[in-house]
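Each chain, letter by letter, is given below.
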Amino acid sequence: MAERIANKLEQALAPQHLNVIDESHQHQGHGGWREGGETHFRVEIVAAAFAGKSRLDRHRLVNVALAQELAERVHALAIVARTPDEG
C-alpha cells in the first residue's frame, strides 16, 4: 500500500520530496486497524503544486489523489504538505 500511495502521489503532484510512512503498528487495537497493517499512514510531501494553496487545499489535493486507497483500506492519513520554498 505504501508503494501504491507513493506512485499515485508521484503521478498526481510530481513531488520534489516524498516520504510515505506506514504507522499502522502504532495503532494496533485502535479503530480502523486491521491485521496485516497498511491502515495508518503519514505522508511528507514537497511539491510545487502546493504553491499559493492553503493547508486545507493542499490536503484536499492529496486526498483526491488517494481517494481509492482511502475508500478501500487506508483508515487514517496524516499529511505534511509543503512547497519547495517551505521545504
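Quick caveat, the model's predicted, so the values are computed rather than measured.

Undergrad: Explanation requested: the side chain of Thr-83 in the structure shown.
TA: Note that Thr-83 resides in the segment after strand 3 (76–82). On the basis of relative accessibility, which here comes to 8%, the residue Thr-83 falls in the buried class.

Undergrad: When you look at the sheet that holds strand 1 (residues 17–22) in this model, what are you seeing that I'm missing?
TA: Strand pairing in a sheet is mediated by backbone hydrogen bonds. Such pairs are either parallel or antiparallel. Taken in spatial order, the three strands make up an open sheet running 1-2-3, and their pairing is mixed. Unpaired on one side and paired on the other, strand 1 and strand 3 mark the two borders of the sheet. Neighbour-to-neighbour, the strand axes of this sheet turn through a mean angle of 10 degrees, independent of strand direction. Bridge count between strand 1 and strand 2 (residues 40–46): six bridges; the pairing is antiparallel. Residue pairing for strand 2: Leu-18 is matched across the bridge by Ile-45.

Criteria and thresholds
- Residues numbered from 1 in each chain as written.
- Predicted model: local features only at pLDDT ≥ 70, side-chain atom pairs only at ≥ 80, totals over all residues.
- Heavy atoms only, no water.
- Helix = DSSP H or I, 4+ residues; strand = E, 2+ residues; numbered from the N terminus.
- Buried < 20%, exposed > 50% of the residue type's maximum accessible area, 1.4 Å probe, protein only.
- Pairing = 2+ DSSP bridges.
- Axes fitted to C-alpha atoms, helices over the stretch in contact; angles between N-to-C directions.

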